[in-house]
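Inside the fold
These are the residues of each chain, in order.
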Amino acid sequence: MNRLGEISVTFFSWLCALSLVAALGTVFVFLLFKGLGGMNLQTIFGDTNAWDALTLRKAVFNGLFPAIVGTILLVIISVVMALPVGLAAGIYLAEYGTGRAKNIFSLFCDILAGVPSILVGLFGFSLSIFLHKYISQNIYPCLLISAASLSFLVLPYLIRTTQIALEQIPSEDRLTALALGAGRLQNIFYVLIPRALSGIVSGVILSIGRCAEDTAVIMLTGVVAMAGLPQSMLAKYEALPFFIYYISSQYTDMQELQMGYAAAIILVGICAVLFVAAFFIKNRLVERMLFRI
Amino acid sequence: MVEEDKIKIEIENLSFFYGEHRIFHDVSTKMMANKITAVVGPSGQGKSTFLMIMNRLWENIPQARLEGHVHILLKNRMTDIYARDVSLPDLRRSVGMVFQKSNPLPMSIYKNMAFPLKLAGIKNQAQIEEKVEAALRDAFLWNEVKDRLSHDARSLSGGQQQRLCIARALIIGPELMLLDEPTSSLDARAAAIIEELILLLKKRCTVFLVSHHMEQIARLADTVMALEDGKIKPV
């Protein structure tokens, strides 16, 4: 390639990288600019004393606290439900699956990844109606149904990242423990999974983000504008993305709108905290898994 | 227990394929117990594959296929290692292997050494400590690492890492050791120590060595075989 071509490719690459940073920066600055003014204890806890709210002594009626708790619970329950299935399926695809069975499972995994979230929401909604009719009158769209639906939504991420992380381990490293008399499962759990943990955690982080931001699924499966703290897994709940959605379409004054922006900042903050937690857990896990044996 | 003049490995009509590509064609040979048998030959002829046939490690390579019979003298009994009732972990505990590139696991020196014992289900800490020390002594490594057993094994020098891998393979008491070019990535001094170690190994087990370093073969091997065009020939 001639010199001019090389310079323009380099320039273009830089420009693309820069636009990514600029886009992210713009969104954050915009959010902070619009929402920072609304970030105070009043926004989160309303007229209730913060300590009373945190210790669950008094309910919060006009603050974001129930939505924050709802979102955190939703994310954690969804990821905890999806994780074992996603890990196991990823291990199957990377280590056990061969030939046609593997191809078919991979195809299903890709199709699941392509299903629009509103369809997953509709499925969850139908499921809750089915359960209501045939299992128990007490089952309505609720936290548990939402979490189950969301776990469907993030399953493909977990499966794929687990599979790819395992498949990327070079073949010499796969043979080390086997040559020392490790069984297949011992090799997977003592050597391969610890090696693949970084990749697996990146899948968990993607899933956390997806669960925290998704609105379509929870709208159909149990989130409401006013529920207070969820009383049980089978109760209705509030969540930040839904709050942001309805406040932005139905706000009555500027203060309410600012509260919506504040909710958005908090949502980003929750994601950040959960990401850091995922990394922390990963490091502890590496220690436990690698240094136990 | 010295098994002089006993046959350790007996290979009959062995053919090996990677997909459609045939690596070995109808190979039959024998190897004596408590000797160092070396296989030489140009690279890409499947020398490493030949070693992996003895502990069935090749079965983890996709599209590989084997025909023929391999018997190894294990616990004083000629065992068909491809028989259905052979347990792979047990086989690989009896047939140890050291690779061309040293492969310590990403953990401490001590944990590396204890790893095969833990895999075998040994839990007695005192027993493990004793075996770790003995194996490290056998591999001429104890004096160099005894004060830093908790350090990451990857912080050792190349030669030390390779000796650690030999010690790690020795700790479960293999009857046959497969060595795949164990000194090819080391400098002359580190290689000399390992050669000395290999010579001592044959007192306790049979050694099957792959190398393309002819002088080293001359110094170490009791029997030399050449691998060429899918056939094994005595040299």
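Keep in mind that this is a model prediction, so the values were computed, not measured. (Residues numbered from 1 in each chain as written. Chains lettered and ligands numbered in written order. Predicted model: local features only at pLDDT ≥ 70, side-chain atom pairs only at ≥ 80, totals over all residues. Heavy atoms only, no water.)

Bringing the packing of helix 3 (residues 109-119) of chain B against helix 4 (residues 125-138) of chain B into the picture now. All names here are of chain B. It is the contact of helix 3 with helix 4, at a shortest axis distance of 10 Å, that shows an interaxial angle of 115 degrees. The hand of the helix 3/helix 4 crossing is right-handed. Facing Tyr110, Met113, Ala114, Leu117 and Lys118 of helix 3, the residues of helix 4 in contact are Gln125, Ile128, Glu129, Lys131, Val132, Ala135 and Leu136. Of the residues belonging to the contact of helix 3 with helix 4, the class tally is 8 nonpolar, 1 polar and 3 charged. (Axes fitted to C-alpha atoms, helices over the stretch in contact; angles between N-to-C directions. Helix = DSSP H or I, 4+ residues; strand = E, 2+ residues; numbered from the N terminus. Left-handed = near helix turned anticlockwise from the far one by under 90°. Contact = heavy atoms within 4.5 Å. Nonpolar A, V, L, I, M, F, W, Y, C, P; charged D, E, K, R; others polar.)

Residue and element names in this part refer to chain B. With mixed pairing, the 6 strands of this open sheet are ordered in space as 6-7-8-3-9-10. For this open sheet the edge positions go to strand 6 (95-98) and strand 10 (231-234), each flanked by a neighbour on one side alone. Between one strand axis and the next, the sheet turns through 20 degrees on average, direction left out of account. Where strand 7 (residues 176-180) lies against strand 8 (residues 206-210), 5 bridges are found, and the strand directions are parallel. Its bridge partner being in strand 8, Met177 is matched across the sheet by Val207. Across the sheet, helix 1 (residues 47-54) lies against strand 3 (36-40), strand 6, strand 7, strand 8, strand 9 (223-228) and strand 10, angled at about 160 degrees from strand 7, the strand it touches most. Contacts from helix 6 (residues 158-170) reach strand 6 and strand 7, with the element oriented near 170 degrees to strand 6. (Pairing = 2+ DSSP bridges.)

A few words on the sheet that holds strand 2 (residues 21-32) of chain B. All names here are of chain B. Strand order across the open sheet formed by 4 strands is 2-1-4-5, with antiparallel pairing between neighbours. Edge positions in the sheet fall to strand 2 and strand 5 (77-80), since each has one partner strand and no second. Going across the sheet, the axis of each strand differs from the next one's by a mean of 5 degrees, ignoring polarity. Bridging between strand 1 (residues 7-18) and strand 2 involves 8 bridges; their strand directions are antiparallel. Counterpart to Ile11 in the pairing with strand 2 is Thr29. Against the sheet, helix 1 makes contact with strand 1, strand 2 and strand 4 (64-74), and its axis sits at roughly 120 degrees relative to strand 1, the strand it touches most.

All names here are of chain A. Inspection of every chain in the model, using the stated rule, returns 19 salt bridges over all chains. Ionic pairing is found between Arg195 and Asp173, a salt bridge with its closest N-O pair at 2.7 Å. Residue Arg195 is located in helix 9 (residues 184-213), and its partner Asp173 is located in helix 8 (residues 171-179); the two are separated by 22 residues in the primary sequence. The salt bridge partner of Glu213 is Arg210, with a shortest N-O separation of 2.6 Å. Linking Glu213 with Arg210, this pair stays in helix 9, spanning 3 residues, or about one helical turn. A single salt-bridge network, built from bridges that share partners, covers Arg210, Glu213 and Asp214. (Salt bridge = Lys/Arg side-chain N within 4 Å of Asp/Glu carboxyl O.)

A word on the interface of chain B and chain A. How big an interface is tends to be reported as the loss of accessible area on association of its parts. Contacts between the two partners involve 22 residues from chain B and, on the opposite side, 17 residues from chain A. Connecting chain B to chain A are 1 salt bridge. A salt bridge links A:Glu172 to B:Lys101, with the nearest nitrogen and oxygen atoms 3.9 Å apart. Broken down by secondary-structure element, the contributors of at least two residues to the side of chain B that touches chain A are helix 2 (88-94), helix 3 and helix 6 of chain B. The leading source of residues in the side of chain B that touches chain A is helix 3 of chain B, at 5 residues. Here the residues of the side of chain B that touches chain A are counted per class, giving 13 nonpolar, 3 polar and 6 charged.

Treat this as a map of the structure, not an account of what it does.
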